[in-house]
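Secondary and tertiary structure notes
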Amino acid sequence: MAEPWLYRWSRPLMGAIALLGLLLTAYLTWAELTGQTLICPITANGSDCNDVLNSVYGRVWGVPISAFGAGAYGAIAFAALVPLAISGPRRQIDALTWPVLLVGSLIMATFSGYLMAILAFELHSFCPYCLASALFAFTLLGLSLFGHPWPDLGQLLATGGIVVVLTLVLTLGIYSQASPPLMAMGDRQPIPTLNSRPEPGKGWPISTRSGPAELALAAHLQNIGAKMYGAFWCPHCGEQKLLFGQSAFAQIHYIECAQGGHNAQPDRCRAAGLEAYPSWEINGQIHTGLHSLDDLAQLSGYTGPANFRYFHPNLN
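Computed from a predicted structure; not experimentally measured. (Residues numbered from 1 in each chain as written. Predicted model: local features only at pLDDT ≥ 70, side-chain atom pairs only at ≥ 80, totals over all residues. Heavy atoms only, no water.)

A few words on the side chain of serine 66. Looking at where serine 66 falls in the secondary structure, it is placed in helix α3 (residues 65-85). Using a relative accessible area of 10% as the deciding quantity, one classes serine 66 as buried. Reaching out from serine 66, the side chain makes a polar contact with the side chain of threonine 29 at a distance of 2.8 Å. Excluding anything up to four places from it in sequence, serine 66 contacts Thr25, Leu28 and Thr29. (Helix = DSSP H or I, 4+ residues; strand = E, 2+ residues; numbered from the N terminus. Buried < 20%, exposed > 50% of the residue type's maximum accessible area, 1.4 Å probe, protein only. Polar contact = N/O pair within 3.5 Å; in protein donor to acceptor, adjacent residues only side chain to side chain. Contact = heavy atoms within 4.5 Å.)

An α-helical turn contains 3.6 residues, so a residue and the one three or four places further along point in the same direction. When you tally the buried positions in helix α9 (residues 235-244), you get eight out of ten residues, the bulk of the element. Taken residue by residue, α9 has Cys237, Gly238, Glu239, Gln240, Lys241, Leu242, Leu243 and Phe244 as its buried positions. Among the residues trailing α9, glycine 245 stands out with phi positive, at a value near 90°.

To continue, consider the nonpolar core. Counting 28 residues, the largest nonpolar core has Leu217, Leu221, Phe244, Ile252, Trp280, Leu293 and Leu296 as the members making the most contacts within it. Mapped by element, the contributors of at least two residues to this core are α8 (212-223), α9, α10 (246-249), β6 (279-282) and α12 (293-300). Sorting elements by how many residues they give to this core places α8 first, with five residues. Counting 25 residues, the second largest nonpolar core, distinct from the first, contains Ile76, Trp98, Leu101 and Leu143. (Core = buried A, V, L, I, M, F, W, Y, C linked by side-chain atoms within 4.5 Å.)

Below, the structure written as structure tokens:
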């Protein structure tokens, strides 16, 4: 009797999918560690995949979860493809690696399912990169289940149930330990001190992370047509950006006033009659100076969540 085609092709398919997952998660890890902004759609609540990956669920022990995903995909690719490259005692290695493929893909699918639930019910956001990774994980699980003739279905189900439960318990335990300091949004942190020189034309990098309140305020300011005028060399402008965080400030209509700055528009700044940087134009009024997010919320009529993450030590 001929071997089913799925049995013949399950390993190459798993290897190819795992390599795609490895490339995806390696890219996400690189973007996270280098501060790159991912291109992705913005949802109705003003958030996008950058906010998802920068959320409290985006790191474990300070390490991007995409780095753990890259390691998992690499291990699956290795276990799937190594027996294909061996011409000698392949059957024994094949038998040893199938349990690894099954357990590994089950762990990945369970963790991905948990993150999909967080994405839908807590973060209320859309992340195509996360969805692609989840699709890869569940496809690997399907191939590991149906691409190999498992002899004992009862033992397979029992083992799978144990792996799922242990994975969920471990995941919840890890996040319960890692998340509280970040999720205590009422306990604001001071913004970092700008100790370095500004990057020519760009200013200081935005090293802070936006929370839901910052994203909501930024979306509100964008909706009412508010503008921030600034200069790349201006320290208070850099501090204003830090109060918002990287993802939220990306939504702010920012006008660069300094010659030599990125997309500089000095004529617009002169026409606005500015006296100092930063300056905010809100509802037709110019408000000069660095403002706390609470001030900006009051000036703009914002009524959304106000549990902002950061404060400036010299602002009330």
